[in-house]
Amino acid sequence: MDSDEFKRWGYEIVDWIADYFNNIEKYDVKPNIEPGYVINQLAQNPPENSEKFENILEDFKNIIVPGMTHWQHPKFFGYFPANTSFPSIAAEFLTSALAAQCMMWQTSPAAAELEELTMEWLRQMIGLPNDFTGVIQDTASTATLCSILTAREKYSSFNINTKGFSGDEQFRVYCSSEAHSSIEKAVKIAGIGKENLVKIPVDENFAMLPDELEKVLEVDIINGYKPLCVVSALGTTGSTAIDPLKEIGEICKDNNIWLHVDAAFAGSALILPEYRYLLDGIKYADSFVFNPHKWLFTNFDCSAYFVRDKEALIKTFEMIPEYLKSAESHVNNYKDWGIQLGRRFRALKLWFVIRSFGVSGLQEKLRFHIQLAQYLVKKIESEKDFEILAPVPFNTICFRYKPAGVVHEEEINKINENLLSKLNETGKLFLTHTKLNGKYVIRFMIGQTNVNEKHVSEAWELLKSESRKK
Ligand SMILES: *Cc1c(COP(=O)(O)O)cnc(C)c1O
């Protein structure tokens, strides 16, 4: 493909993208297809010779797109969003054109400086104290791993990086029983062992019980364990529960334990001043992560990781082989701020999004999603055969259908499980589930970029009529 052809196809692709968004509601949110549907339609061997671009694009339209789950569909109410926006898409075009490796200042000075700047913007936007410094990671999973590794190194005087485990460390990590699976993954990878991840019970709102944390710590310390890190959730994945940061922070301070805040999804809400109270206790935190790639209109991947002691982070990850030595000092060489060497230019899309929406534009969108959630809460509450099973501090509602006369929990679970799969098979919406206290709950998350009241109310009407169908 030469540049003239690229222009022609480029315009065509831009048209396709704009039309895709204009017509997205014509697609089933999740395709009703069997495994193998896509692969069986494609050539099983790589083409020996060049294929016409128009054929490739046709196959994309006819085979790939029908096999996609449409995360940008306004009736995508599953999991958490991975939303995007036109400014973000535009920036991704440019990022892929520059195709730069952003591992060091020298390899892309603008990328390094823009990452520094956009992380500082984000820090101000969410109200983190000004001694936090940010770096973009691919995912919250990676950020949490970086956090636990940094804690491990700081508490072992950087000895495990050098000598490996001696066998006497006996580190332990703590999180609530509702915490995200990425914490267990990080504990496994960091060599701490998943048996040394202690899951602290939660209260009726699914938030960690600090008294229980304190009790467990006391016993662990007597038994010779070294409490390394507590992960406090600001918005759990199941129900967006909020662990009491201040109480947990005080316990961490008293016991000299690293405190990591996992705000992967809900951290975006901190751009709203009315949610800033959630940062009460942030002064005790060592690290904090949230994902603009979830609920800030910046397409995956873009996870904002903030640390208080950036030297400890760098000391944990820094590698300077001869072939990567460079002369500048006082610049950010982000390869030393995490796991990957090669890095994408992810700050560009964040910069485009923040400038394009403006902080007030972003705030408006988030407030609208939160209002829509309250609108749905009222509708659910007004129906006797539905019940909401967790508080709704943001835009995710956990509820279930509970028809009169059905009392056995297992039966109610089964009814809701069947209901969810029937609903998703219609293609008219997409919802996912979790379990809270053994109860199967449907999660209704309202965070897609272009979702509005009509989408929510249509989905709710469908849900009601499907559930009551005999
Ligand atoms: C989504 C989520 C994660 C994991 O996010 P990735 O960026 O996909 O790794 C971690 N913690 C919480 C609370 C989440 O909601």
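Here the structure is a predicted model, which means the values were calculated and not measured. (Residues numbered from 1 in each chain as written. Predicted model: local features only at pLDDT ≥ 70, side-chain atom pairs only at ≥ 80, totals over all residues. Heavy atoms only, no water.)

Close to the ligand lie 13 residues; A140, S141, D262, N291 and K294 are nearest. Contact between the ligand and S141: an oxygen atom at 2.5 Å from a side-chain N or O atom of the residue. Contact distances for the ligand include 2.9 Å between an oxygen atom and a side-chain N or O atom of T237. Sorting the residues of the shell around the ligand by element identifies helix 5 (140–155) and helix 10 (292–295) as the ones contributing at least two each. (Near = heavy atom within 4 Å. Polar contact = N/O pair within 3.5 Å; in protein donor to acceptor, adjacent residues only side chain to side chain. Helix = DSSP H or I, 4+ residues; strand = E, 2+ residues; numbered from the N terminus.)

Before going further, it helps to examine a negative patch on the surface. On the surface, a cluster of negative charge is made up of D211, E214, E218, E247, E250, D254 and D280. When contributions to the negative patch are tallied by element, the ones reaching two or more residues are helix 8 (210–222) and helix 9 (245–255). Structurally, D254 is set in helix 9. (Patch = residues over 30% accessible without salt bridge, like charges linked within 9 Å, V, L, I, M, F, W, Y side chains within 5 Å. Areas by Shrake-Rupley, 256 points an atom, 1.4 Å probe, with all protein chains shown as cover. Salt bridge = Lys/Arg side-chain N within 4 Å of Asp/Glu carboxyl O. Lys, Arg positive; Asp, Glu negative; His and termini not counted. Charge placed at Lys NZ, Arg CZ, Asp CG, Glu CD.)

In this section: the nonpolar core. Note that soluble globular proteins tend to have their nonpolar side chains buried in a common cluster. Of all hydrophobic cores here, the largest spans 62 residues; its most connected members are L122, L234, F288 and F306. Contributing elements (two or more residues each) for this core: helix 4 (109–126), strand 3 (197–200), helix 8, helix 9, strand 5 (258–262), strand 6 (287–290), strand 7 (303–307) and helix 12 (347–381). Element by element, the count of residues in this core is highest for helix 12, at eight residues. Composition of this core by domain shows at least three residues from each of domain 1 (1–30 + 69–84 + 358–470) and domain 2 (101–344). Non-local contacts of L122, meaning those with residues more than four positions away in its chain, are made with F290, P292, L296, A304, F306, L350 and I354. (Core = buried A, V, L, I, M, F, W, Y, C linked by side-chain atoms within 4.5 Å. Buried < 20%, exposed > 50% of the residue type's maximum accessible area, 1.4 Å probe, protein only. Domains from an automatic or database assignment. Contact = heavy atoms within 4.5 Å.)

Ordered by their spatial adjacency, four strands build an open sheet running 8-9-11-10, and the pairing between neighbours is antiparallel. Of all strands in the sheet, those with a lone pairing partner are strand 8 (386–388) and strand 10 (432–436), marking the two edges. Across the sheet, the axes of successive neighbouring strands diverge by a mean angle of 40°, strand direction being ignored. Bridge count between strand 10 and strand 11 (residues 439–445): five bridges; the pairing is antiparallel. Each residue of the ladder has a partner; that of L436, found in strand 11, is K439. In the packing of helix 12 onto the sheet, contacts are made with strand 8, strand 9 (396–401) and strand 11, and the angle to strand 9 comes to roughly 15°. The strands touched by helix 14 (residues 453–468) within the sheet are strand 8, strand 9 and strand 11, with strand 8 carrying the most contacts at an inclination of about 125°. (Pairing = 2+ DSSP bridges. Axes fitted to C-alpha atoms, helices over the stretch in contact; angles between N-to-C directions.)

Here the protein chain is described as being made up of domain 1 (1–30 + 69–84 + 358–470) and domain 2 (101–344). On a C-alpha basis, the centres of domain 1 and domain 2 stand 29 Å from each other. Counting residues at the interface gives 27 residues for domain 1, matched by 29 residues for domain 2. Both faces considered, domain 1 and domain 2 share a buried interface measuring about 2,500 Å² in area, 69% of it formed by carbon and sulfur atoms. (Buried area = accessible area lost by both parts, 1.4 Å probe.)

Attention shifts here to the packing of helix 8 against helix 9. Helix packing geometry: the angle between the two helix axes and the distance between the axes. At a minimum axis distance of 9 Å, the contact between helix 8 and helix 9 shows a crossing angle of 20°. In this view, helix 8 runs roughly parallel relative to helix 9, as classed from their interaxial angle. The element helix 8 and its partner helix 9 pack so that their crossing is right-handed. For the pair helix 8 and helix 9, the contacting residues are P210, L213, E214, L217 and I221 in the first and E247, I248, I251 and N255 in the second. (Parallel < 35°, antiparallel > 145°, perpendicular 65-115°, else oblique. Left-handed = near helix turned anticlockwise from the far one by under 90°.)

What follows covers the sheet that holds strand 7. Here we have seven strands laid out as an open sheet, ordered 1-7-6-5-4-2-3, and mixed in their pairing. Looking at which strands have only one partner, the edges of the open sheet turn out to be strand 1 (133–137) and strand 3. Each adjacent strand pair in this sheet contributes to an overall mean axis angle of 20°, direction not counted. As paired elements, strand 2 (residues 171–176) and strand 3 share four bridges and run parallel to each other. Considered in strand 3, the bridge of Y174 is made with V198.

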